[in-house]
Amino acid sequence: MDIKTVLITGATSGIGLATAKLFAKEGYRLVLCGRRLERLEALKDELGKQTEVCTLNFDVRDKKKVMETISSLIAPFDSIDILINNAGNAHGLDPIDTGSVDDWEAMIDINVKGLLYVSKAVLPQMVSRKSGHIINIGSTAGKEVYPKGNVYCASKHAVDAINQGMRLDLNEYGIRVGAVNPGLVETEFSQVRFKGDVDRAETVYKGYQPLRPEDIADIIHFVVTRPYHVNIADLVVMPTAQASSTIVKKEL
Ligand code: NDP
Ligand code: 8X3
């Protein structure tokens, strides 16, 4: 059987981690990326018992390192069939007039520019093979703007536009491009957004059943296992308790 190679950014936590675990169980060859080296090493030990695993340690903001690291991949990891552009976070939840410029820059540099750097590093091989699959992890925040979401929502609207642009420009090469846009998923996302304030982060997911990262991993797996003529172009998924970014039925 032809073993497919999947590169996942942000594999050290949350959605990326759950996706790495599911894909390892399903026998995919994995290239797992993140900044936290100790987590990457632990993952390689754990998932390496199930499949071939290679880890890449870089900050997606570091353009040079992204390019060098991905181009240094050797066989059998050097031919990426599926790219999951997942790395990203929100930083802060503040009105536009008081928001931190550092937070704004982090979100634009990571969620938008980082996604572009990784894609730029992987795309030439997909184009020359005339096959491949890119899954961009967007968000409901890329579909609607909510109060104090300003720049995070802007970064995810950019991902939405990049997803559409990639699909248009890569159409002639037969490359599949699609986005998965989740609503509220309980991961380390809110801990990062609130700079380590675990209590505040927990309140985001209290009083209802949020999505679990495994729910998104299942969906990503469904997306990649469709026959090649089927491209799930843009998928939005929310917890049943969530109707929009601001309407969540909570029982507190
Ligand atoms: P987590 O905080 O649990 O995971 C974020 C992942 O991104 C980590 O593995 C982290 O790894 C990686 N990452 C963050 N910054 C960088 C960086 N500068 N360079 C490299 N890797 C980085 O959050 P989620 O799993 O929830 O988030 C994953 C994606 O899903 C994000 O794009 C997020 O916007 C999106 N999303 C999340 C939702 C949610 O409610 N949780 C809903 C909708 C979309 P490390 O720190 O080791 O580098
Ligand atoms: C994460 C979901 O609603 O916190 O993208 O922006 S939300």
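Below: a short report on this structure. (Residues numbered from 1 in each chain as written. Chains lettered and ligands numbered in written order. Predicted model: local features only at pLDDT ≥ 70, side-chain atom pairs only at ≥ 80, totals over all residues. Heavy atoms only, no water.)

1. What to know about the pairing of strand E5 (residues 133-137)
Part 1: For E5, the tally of buried residues reaches five of five residues, placing the bulk of the element in the interior.
Part 2: Neither face of E5 is exposed, since His133, Ile135 and Ile137 on one face and Ile134 and Asn136 on the opposite face are all buried.
Part 3: Examined bridge by bridge, strand E4 (residues 82-85) and E5 share four bridges and lie parallel to one another. Along E5, the bridge assignment pairs Ile82 with His133.
Part 4: Once the chain exits E4 it traverses helix H4 (residues 101-129) before rejoining the sheet at E5, and the crossover so formed is right-handed.
Part 5: Sheet topology note: the E5/strand E6 (residues 176-182) ladder contains five bridges and is parallel. Of the residues in E6, the one forming a bridge with Ile134 is Val177. (Buried < 20%, exposed > 50% of the residue type's maximum accessible area, 1.4 Å probe, protein only. Helix = DSSP H or I, 4+ residues; strand = E, 2+ residues; numbered from the N terminus. Pairing = 2+ DSSP bridges. Right-handed = clockwise from strand over helix to strand, strands pointing away.)

2. What to know about the state of the cysteines
Part 1: The final tally for this structure, using the stated rule, is zero disulfides.
Part 2: Here Cys54 stays free of any disulfide, with the sulfur of Cys33 as its closest cysteine sulfur at 8.0 Å. (Disulfide = S-S within 2.5 Å.)

3. Section: the pairing of strand E1 (residues 5-8)
Part 1: Going residue by residue along E1, you find Thr5 and Leu7 tucked away on one face and Val6 and Ile8 tucked away on the opposite face as well.
Part 2: Relative to strand E2 (residues 29-34), E1 is paired through four bridges, and the arrangement is parallel. Looking at E2, one finds that Thr5 is bridged to Arg29.
Part 3: As a crossover connection, the stretch from E1 through helix H1 (residues 14-25) into E2 is right-handed.
Part 4: Looking at chain direction, E1 and E4 are connected through three bridges and run parallel. Note that in E4 the partner of Leu7 across the bridge is Leu83.

4. A few points about unusual backbone geometry
Part 1: Here Ala75 and Pro76 are connected by a cis peptide whose omega angle stands at 5°.
Part 2: For Pro76, the position within the fold is in the loop between helix H3 (63-71) and E4.
Part 3: Positive phi is not limited to glycine here, since Lys130 has a value of about 55°.
Part 4: Relative to the helices and strands, Lys130 is located in the loop between H4 and E5.
Part 5: For Lys130, a relative accessible area of 53% puts it in the exposed group.
Part 6: The backbone of Lys195 shows a phi angle near 55°, a positive value even though the residue is not glycine.
Part 7: Inspection of the secondary structure puts Lys195 in the loop between helix H6 (189-193) and helix H7 (198-204).

5. Quick look at the sheet that holds strand E3 (residues 53-57)
Part 1: Strand order in the open sheet formed by seven strands is E3-E2-E1-E4-E5-E6-E7, with parallel pairing between adjacent strands. Among the strands making up the open sheet, the edge pair consists of E3 and strand E7 (234-237). Averaged over neighbouring strand pairs, the angle between their axes works out to 15° when direction is ignored.
Part 2: Lying over the sheet, H4 contacts E1, E4 and E5, oriented at roughly 170° with respect to E4.
Part 3: The strands touched by helix H5 (residues 150-170) within the sheet are E4, E5, E6 and E7, with E5 carrying the most contacts at an inclination of about 165°. (Axes fitted to C-alpha atoms, helices over the stretch in contact; angles between N-to-C directions. Contact = heavy atoms within 4.5 Å.)

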